[in-house]
2 protein chains.
Amino acid sequence: MVKGCSSMKYKNQLKPLMEDEPKGKGLKIAFIGAGSAVWSSRIIIDLILAKSLHGAKVYLMDINMERLNLITSFAKRYASELHADQEFVPTTDRIEAIKDADFVVNSAMYGGHMYYERMREICERHGYYRGINSVEWNMVSDYHTIWGYYQFKLALSIAKDVEEYAPNAWLINVANPVFELTTLIQRHVKIKMIGLCHGYHGIYNVMKELGLPREETEFEVLGFNHVIWLTKFKYKGEDAYPLLDKWIEEKAEKYWEHWRETQVNPFDIDLSPAAIDMYKRYGLLPVGDTVRGGTWMYHWDLKTKQKWYGPTGGPDSEIGWMMYIAFLNMQLQRLYEALKDQKHPLAAHIPPEWSGESIVPIIDSIANNRKGEYVVNTLNLGSIPGIPDNVAVEMPVQIDGKGVHRYIFEPLPKKIRDLVLLPRITRMEMALTAFLEGGREILEDWLHMDPRTKSTRQVQETIDDLLNMPGNEEMKKHFS
Amino acid sequence: MVKGCSSMKYKNQLKPLMEDEPKGKGLKIAFIGAGSAVWSSRIIIDLILAKSLHGAKVYLMDINMERLNLITSFAKRYASELHADQEFVPTTDRIEAIKDADFVVNSAMYGGHMYYERMREICERHGYYRGINSVEWNMVSDYHTIWGYYQFKLALSIAKDVEEYAPNAWLINVANPVFELTTLIQRHVKIKMIGLCHGYHGIYNVMKELGLPREETEFEVLGFNHVIWLTKFKYKGEDAYPLLDKWIEEKAEKYWEHWRETQVNPFDIDLSPAAIDMYKRYGLLPVGDTVRGGTWMYHWDLKTKQKWYGPTGGPDSEIGWMMYIAFLNMQLQRLYEALKDQKHPLAAHIPPEWSGESIVPIIDSIANNRKGEYVVNTLNLGSIPGIPDNVAVEMPVQIDGKGVHRYIFEPLPKKIRDLVLLPRITRMEMALTAFLEGGREILEDWLHMDPRTKSTRQVQETIDDLLNMPGNEEMKKHFS
């Protein structure tokens with residue numbers, strides 16, 4: 001452990017160093033929820049590009065046969081075109097995929113997006129704009145906490161399968177909510193596990209806008225998943241915050257003017273008025289999905305969201321979120337279409353380039369004992385002072401063949417801890433206890449702390465309608 | 001330290017054992033805020049009754065000369081009538097009172113009740129019923145946290161005076177908010193200090209109603225000041241919770257019927273529907289002022305409060321609170337009147353009986369090395385698992401000449417920790433950081449988490465009006 005600062009040097013991330021000889025022989029990697037094809041296809045490309053992992057056997061598991069066929073066809077054809085020596089095995093049997101695996105990657109989402117949209121709709125009828133799941137510092141539309149009963153159950157049972165059938169494996173959990181699930185699994189299941197999220201990549205958009213080349217810029221982010229803050233920011237070894245301040249002073253207004261007229265991507269909010277306001281309010285720049293959080297002051301309604309997140313209202317408005325869902329569907333269509341044309345090489349449609357995701361580099365670091373620095377989620381255990389030990393934090397760590405090595409950091413500013421992290425911990429603990437113990441009172445208290453609640457009757461009716469929704473029968477039993 | 005349970009045996013509290021020979025000679029005890037005459041007179045009677053503290057020099061300090069004269073006259077005449085060998089010295093000079101003291105008792109309340117009533121009125125104009133200071137698990141009308149800038153400053157400066165002028169003294173802080181002030185002082189001032197509150201005495205009302213004699217009943221309460229829970233409850237060595245359950249089953253309805261027709265004292269809520277509902281909701285009986293807390297479900301408006309706390313609406317409704325203020329004024333009048341009649345013995349008006357407060361017994365335990373068990377507030381430091389070390393908890397401890405000795409307890413139930421204690425910790429940390437660092441954003445975030453907030457404009461206007469209130473000039477500067 002290194003006392004003091006750790007810098008996440010971007011150059012480590014520019015390109016994974018995995019071009020040496022094939023060392024993957026005998027390795028078994030399982031992807032649970034591989035039917036999330038848009039996402040999985042990117043990781044599969046990374047795997048295929050990683051020569052140092054050639055020889056591995058890759059299990060693709062999903063309960064959706066159609067999606068499973070899609071991603072398997074993609075993987076096999078792409079691997080064959082690029083002469084990658086990896087075997088892809090489709091299965092709907094989770095145990096078969098997990099048994100004796102070395103790495104299990106979980107991206108499974110219970111029920112799919114539309115299940116949660118139905119719950120959101122019920123909540124909105126009762127006055128809870130964007131759903132009861134949206135609360136201070138958790139406004140992200142697919143980060144399901146208090147109504148995530150089935151999702152929590154699924155992730156925990158996958159972790160328990162790993163414990164039973166692949167006790168030496170690493171579980172890499174990318175399924176949301178990463179904060180809740182990492183904390184839950186690491187507290188209750190005795191396996192090697194990390195949570196991963198690419199949200200921190202948002203900092204690269206900031207660098208680009210400020211004109212700071214990645215090779216010469218270092219950064220450090222700390223916090224919880226989706227609630228991370230730029231604790232260190234250096235350009236050519238010097239503090240780069242003054243460059244950000246100068247940009248705000250001199251360029252922000254003009255940037256926003258242009259951005260308001262041209263915003264296409266609802267996720268283009270890294271330097272939005274919301275981001276800069278949070279920076280001023282809390283003292284550090286919020287990074288990635290963090291900007292989507294905040295209190296209700298940024299989220300009261302569509303108009304408020306548009307003020308802070310641009311004309312789309314950001315990814316978590318009724319507009320931005322539907323744009324995202326449509327985008328996912330479009331990408332899926334493209335994948336289907338690319339596969340239809342058997343003669344045209346896939347790699348021409350979808351160039352063989354590293355996705356930027358750290359899953360495959362991390363697998364390489366562990367399997368081939370190649371030291372790398374990564375931003376991961378894992379129990380704090382003293383790394384960030386002022387945060388309980390048994391809460392999963394997002395932070396830079398070193399990973400090699402022996403696993404995860406922590407640093408010890410400076411504490412986050414008091415205001416970020418008190419106004420942001422403590423409320424978020426409270427919601428996480430409530431969500432975990434709701435899942436572990438059940439009982440209607442926890443849902444009632446959740447809502448009684450919500451600024452959108454105006455009466456106890458509203459609380460009771462919302463809970464009744466949510467629990468009576470078709471598909472929620474088991475959840476209803478759990479909460480009564 | 002004792003692993004496991006500690007029982008607060010009531011028999012220790014029945015009567016303090018302080019009737020042996022005078023050992024107080026050379027002892028200096030300072031009362032800061034002694035002009036809270038109704039309260040101080042009770043402690044002074046205890047001191048006079050404590051033969052083992054006779055010989056002590058007692059400084060009574062207040063900035064209000066009239067009140068100071070009142071309490072000094074009372075003390076001198078009462079002591080003389082009862083032949084108590086204690087010298088009472090009035091002073092308006094805090095340093096004079098504190099210098100080289102062995103014990104400093106702080107009960108000072110900045111501004112007096114009416115200062116806070118003015119702030120409450122401003123908040124209510126903006127839609128914050130009972131003020132922005134009333135939040136989940138802190139509905140107590142004189143437990144001033146987020147608007148307590150001057151009160152925090154006063155308490156901290158008294159603690160710093162103790163550090164400088166009486167570094168060996170014990171500071172006993174009874175000034176509210178005990179939770180915030182104990183945490184603040186113990187974190188930032190290097191002195192011996194405890195926080196005290198008699199709120200837990202509420203359990204005696206429960207025992208009385210259940211017909212359990214104090215001599216045969218044991219209890220343990222754990223939590224934070226004003227948020228404590230009955231973690232152990234034994235009658236003749238057997239679990240007494242089943243007796244409570246039986247009372248609820250068989251007698252509660254009838255009790256409430258009678259109580260609704262006869263409630264005179266707004267504090268008579270120990271077995272109110274609110275108390276029993278909290279018991280069912282969280283799994284343990286809330287004790288004393290804890291019943292006054294809860295989420296907004298018990299507090300939306302007067303009608304809601306009356307449903308849960310009886311016709312007065314409990315002590316923290318607009319009715320109950322004014323009854324309490326009037327009661328204090330009435331008691332003060334009685335004190336004045338008692339003193340007017342120079343011929344009539346005071347002790348006939350005000351019988352020489354132990355108040356039940358633990359301040360004087362604690363002073364005796366420390367000064368005369370007489371081991372006793374007390375419920376106090378002090379930093380957790382591992383006593384209650386699952387609560388951060390540097391947060392003041394309320395719990396039973398042993399006290400003797402060497403100071404405070406802790407136990408280690410079982411963790412509180414998850415639901416109490418997550419739904420009650422974590423939200424309360426968050427508010428405490430916010431209040432402390434608001435005081436230590438200032439900045440308007442902390443007030444804004446405080447309100448953005450409040451279920452009564454409907455817009456950011458409401459937040460801004462409320463803060464503006466509060467900070468512009470005459471008397472709040474320094475506070476305004478601090479928060480801008």
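Residues numbered from 1 in each chain as written. Chains lettered and ligands numbered in written order. Predicted model: local features only at pLDDT ≥ 70, side-chain atom pairs only at ≥ 80, totals over all residues. Heavy atoms only, no water.

A. Inspection of the interface of chain A and chain B at higher detail. Each partner contributes residues to the interface: chain A has 33 residues there, and chain B has 34 residues. Viewed at the interface, chain B and chain A are joined by eight salt bridges. One can count 17 residue pairs in polar contact (both at pLDDT 80 or more) joining chain A with chain B. The set of elements that each furnish at least two residues to the side of chain A that touches chain B consists of helix H11 (273-282), helix H16 (414-437) and helix H17 (440-448) of chain A. The element that contributes the greatest number of residues to the side of chain A that touches chain B is H16(A), accounting for 13 residues. Of the residues belonging to the side of chain A that touches chain B, the class tally is 11 nonpolar, nine polar and 13 charged. (Contact = heavy atoms within 4.5 Å. Salt bridge = Lys/Arg side-chain N within 4 Å of Asp/Glu carboxyl O. Polar contact = N/O pair within 3.5 Å; in protein donor to acceptor, adjacent residues only side chain to side chain. Helix = DSSP H or I, 4+ residues; strand = E, 2+ residues; numbered from the N terminus. Nonpolar A, V, L, I, M, F, W, Y, C, P; charged D, E, K, R; others polar.)

B. The domain arrangement of chain A, seen in detail. Residues and elements named next belong to chain A. According to the domain assignment, chain A consists of domain 1 (8-195) and domain 2 (201-316). Domain 1 and domain 2 are separated by 28 Å when their C-alpha centres are compared. Taken together, the contact pairs 19 residues of domain 1 with 28 residues of domain 2. Interface area for domain 1 against domain 2, summed over the two sides, is near 2,000 Å², with a carbon-plus-sulfur share of 64%. Our enumeration of links across domain 1 and domain 2 arrives at zero salt bridges. Viewed at the interface, domain 2 and domain 1 are joined by five residue pairs in polar contact (both at pLDDT 80 or more). Of all the secondary-structure elements, those providing two or more residues to the side of domain 1 that touches domain 2 are strand S1 (8-9), helix H1 (11-14) and helix H7 (178-188). Grouping the amino acids of the side of domain 1 that touches domain 2 by side-chain chemistry returns 11 nonpolar, four polar and four charged. (Domains from an automatic or database assignment. Buried area = accessible area lost by both parts, 1.4 Å probe.)

C. Looking closely at the relation of the copies chain A and chain B. When chain A is brought onto chain B, the operation consists of a screw motion whose angular component is 180° and whose axial shift is 0.0 Å, with 0.0 Å RMSD remaining. Given the turn and translation reported, the copies of this chain are related as if by a two-fold rotation axis. In terms of proximity to the rotation axis, the leading residue of chain A is A:Pro451, whose C-alpha is 1.7 Å off the axis. Most of the interface of chain A is mirrored in chain B: 100% of its interface residues are interface residues there too. (Least-squares fit on C-alpha atoms with pLDDT ≥ 70 in both.)

D. Expanded view of the pairing of strand S3 (residues 57-61) of chain B. Residues and elements named next belong to chain B. Burial analysis of S3 places four of its five residues in the buried class, the great majority of the element. Direction of pairing for strand S2 (residues 28-32) relative to S3: parallel, over a ladder of five bridges. Looking across to S3, one finds that isoleucine 29 is bridged to valine 58. What joins S2 to S3 is helix H2 (residues 37-49), and the crossover it makes is right-handed. The β-α-β motif built from S3, the intervening helix H3 (residues 65-81) and the parallel element strand S4 (residues 87-91) has right-handed crossover chirality. (Buried < 20%, exposed > 50% of the residue type's maximum accessible area, 1.4 Å probe, protein only. Pairing = 2+ DSSP bridges. Right-handed = clockwise from strand over helix to strand, strands pointing away.)

E. Representation of the confidence of the model for chain A within the structure. All names here are of chain A. Of the residues in chain A, 96% have a pLDDT of 70 or more, and the chain-wide mean is 94. In the model, residues 1-12 has pLDDT below 50 throughout and makes 35 contacts with residues more than four positions away in sequence or in other chains. On the interface metric, ipTM, the complex scores 0.87, and its pTM is 0.92. (pLDDT = per-residue confidence, 0-100.)

F. Expanded view of the packing of aromatic side chains. Residue and element names in this part refer to chain A. Per the stated rule, a full pass over the model turns up 46 aromatic pairs over all chains. Look at tyrosine 200 and phenylalanine 219: their rings are 6.3 Å apart centre to centre, the planes differ by 40°, and that puts the pair in the tilted class. With tyrosine 200 in the loop between strand S7 (192-195) and helix H8 (202-210) and phenylalanine 219 in strand S8 (residues 217-224), this residue pair connects regions lying 19 residues apart in the sequence. Residue tyrosine 200 shares its accessibility class with phenylalanine 219, and that shared class is buried. Through a chain of ring-to-ring contacts, the aromatic side chains of Tyr110, Tyr115, Tyr116, Tyr149, Tyr150, Phe152, Phe435 and Phe479 assemble into a single cluster. Over the face of the ring belonging to tyrosine 204 we find arginine 214, whose NZ or CZ atom lies 4.1 Å from the ring centre. The ring of tryptophan 446 is capped by arginine 427, whose NZ or CZ atom sits 4.4 Å from the centre of that ring. (Phe/Tyr/Trp six-rings, centres within 6.5 Å; stacked < 30°, edge-to-face > 60°. Lys NZ or Arg CZ within 6 Å of the ring centre and 35° of its normal.)

G. Expanded view of the nonpolar core. Ranked by internal contacts, the top residues of the largest apolar core, which has 333 residues, are A:Leu60, A:Trp229, A:Phe233, B:Leu60, B:Trp229 and B:Phe233. Contact partners of B:Phe233, with chain neighbours within four places excluded, come to B:Ile203, B:Met207, B:Leu210, B:Leu212, B:Thr217, B:Glu218, B:Phe219, B:Glu238, B:Asp239, B:Ala240 and B:Tyr241. (Core = buried A, V, L, I, M, F, W, Y, C linked by side-chain atoms within 4.5 Å.)

H. Layout of the packing of helix H2 (residues 37-49) of chain A against helix H13 (residues 318-340) of chain A. Residue and element names in this part refer to chain A. Taken N-terminus to C-terminus, the directions of H2 and H13 make an angle of 60°; their axes are 9 Å apart at the nearest point. One finds that H2 runs oblique with respect to H13. On H13, the residues touching Ala37, Val38 and Ser41 of H2 are Leu328, Gln331, Leu332 and Leu335. For the contact of H2 with H13, the per-class residue count stands at five nonpolar, two polar and no charged. (Axes fitted to C-alpha atoms, helices over the stretch in contact; angles between N-to-C directions. Parallel < 35°, antiparallel > 145°, perpendicular 65-115°, else oblique.)

I. Structural view of unusual backbone geometry. All names here are of chain A. Residue proline 177 is bonded to the preceding asparagine 176 through a cis peptide linkage, with omega at -5°. When you line up the elements, proline 177 lands in the loop between strand S6 (170-173) and H7. One non-glycine residue with positive phi stands out, namely histidine 83, at about 55°. Here histidine 83 shows up in the loop between helix H3 (65-81) and strand S4 (87-91).

J. Molecular detail of helix H18 (residues 456-467) of chain B. Residues and elements named next belong to chain B. For H18, built from 12 residues, the straight-helix expectation of 16 Å at 1.5 Å per residue is met to within 8% by its first-to-last C-alpha distance of 17 Å. Within H18, burial applies to Gln458, Val459, Thr462, Ile463, Leu466 and Leu467. Buried residues of H18, seen end-on, are gathered within an arc of 150° and therefore sit on one face of the element. Looking at the buried side of H18, the elements it contacts are helix H5 (112-125), helix H17 (440-448) and helix H19 (473-478). (Expected span 1.5 Å × (residues − 1). Arc of directions from axis to C-beta.)

K. Inspection of the environment of B:Cys197 at higher detail. Residues and elements named next belong to chain B. Of note, cysteine 197 is situated in the loop between strand S7 (192-195) and helix H8 (202-210). Here cysteine 197 falls in the buried class, since its relative accessible area comes to 14%. When sequence neighbours within four positions are dropped, the list of residues in contact with cysteine 197 reads Asn225, His226, Asp289, Asn377 and Glu394.

L. Spotlight on the environment of B:Gly131. Residue and element names in this part refer to chain B. When you line up the elements, glycine 131 lands in the loop between H5 and helix H6 (149-165). Its relative accessible area of 0% is what places glycine 131 among the buried residues. In this structure the C-alpha to C-alpha distance between glycine 131 and arginine 120, which are 11 residues apart in sequence, comes to 4.5 Å. In contact with glycine 131, not counting residues within four places along its chain, are Arg120, Cys123, Glu124, Trp147 and Arg452.

M. Expanded view of the pattern of salt bridges. Applying the stated rule across the entire model yields 49 salt bridges over all chains. Across the pair B:Arg187 and B:Glu429 runs a salt bridge whose closest N-O atoms are separated by 2.6 Å. Of the two residues, B:Arg187 sits in helix H7 (residues 178-188) while B:Glu429 sits in helix H16 (residues 414-437), which places them 242 residues apart along the sequence. Between B:Asp464 and B:Arg440 there is a salt bridge, with its nearest N and O atoms 3.0 Å apart. Here B:Asp464 is found in helix H18, whereas its partner B:Arg440 is found in helix H17, with 24 residues between them in sequence. Residue classification places B:Asp464 among the partly exposed residues on the basis of a relative accessible area of 33%. Bridged by salt links that share partners, the residues A:Asp277, A:Arg281, B:Arg440, B:Glu444, B:Asp445 and B:Asp464 form one connected network.

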